[in-house]
Amino acid sequence: MRSMELGTPDGMRAALNSLALAGHKTATTGLLDDYAKETEGLEYPGERLALVDDQGRFVAAIEITGVEVKPFGEVTWGHAQAEGEGFDSLEAWRAGHRRYWDRLGTAVEDRTPVVCLAFRLLAVD
């Protein structure tokens, strides 16, 4: 079983995992380029993943329910809301994600390809 790490291990991952465990977070977005850098294939509907914490320990099992690759500027408000992070508009979601990826050293523009994943919680440790 492959694993999924939400966010970064600086308190963000714990917060995002908590949202997923509470059922508020049922989607996430990643940069397509990161898959190439990590030589990792895309997730696929029906795939089960281990959601892990900062130390790589199992937190929960999730199942991928949707995968879309699209330009960042075409991510929908429905997907942004499903991320459950409290943004009140698509513009705020985009600005927050751009700041996040900027901190990691990647400038994101509207045409930057992203992977939009939808998932459901299966089991909690």
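Everything here concerns the structure above.
Residues numbered from 1 in each chain as written. Predicted model: local features only at pLDDT ≥ 70, side-chain atom pairs only at ≥ 80, totals over all residues. Heavy atoms only, no water.

Participant: Got a sec to walk through the pairing of strand S2 (residues 27-31)? Specific residues and values, please.
Facilitator: Summarising burial for S2: five of the five residues are buried, a large majority. Residue alternation in S2 divides its side chains into two sets, Ala27, Thr29 and Leu31 and Thr28 and Gly30, and both sets are buried. Note: S2 against strand S5 (residues 113-124), five bridges, orientation antiparallel. Bridged to Gly30 within S5 is Val115. (Buried < 20%, exposed > 50% of the residue type's maximum accessible area, 1.4 Å probe, protein only. Helix = DSSP H or I, 4+ residues; strand = E, 2+ residues; numbered from the N terminus. Pairing = 2+ DSSP bridges.)

Participant: Now, about the sheet that holds strand S3 (residues 48-52): what can you tell me, with residues and values included?
Facilitator: If you trace the five strands from one edge of the open sheet to the other, you get S1-S3-S4-S5-S2, paired in mixed fashion. The open sheet has two free edges, formed respectively by strand S1 (2-4) and S2, since each of these has just one partner strand. Within this sheet the neighbouring strands show an average axis-to-axis angle of 45°, counted without direction. Strand direction decides the pairing type here: S3 and strand S4 (residues 58-71), joined by five bridges, are antiparallel. (Axes fitted to C-alpha atoms, helices over the stretch in contact; angles between N-to-C directions.)

Keep in mind these values describe shape, not function.
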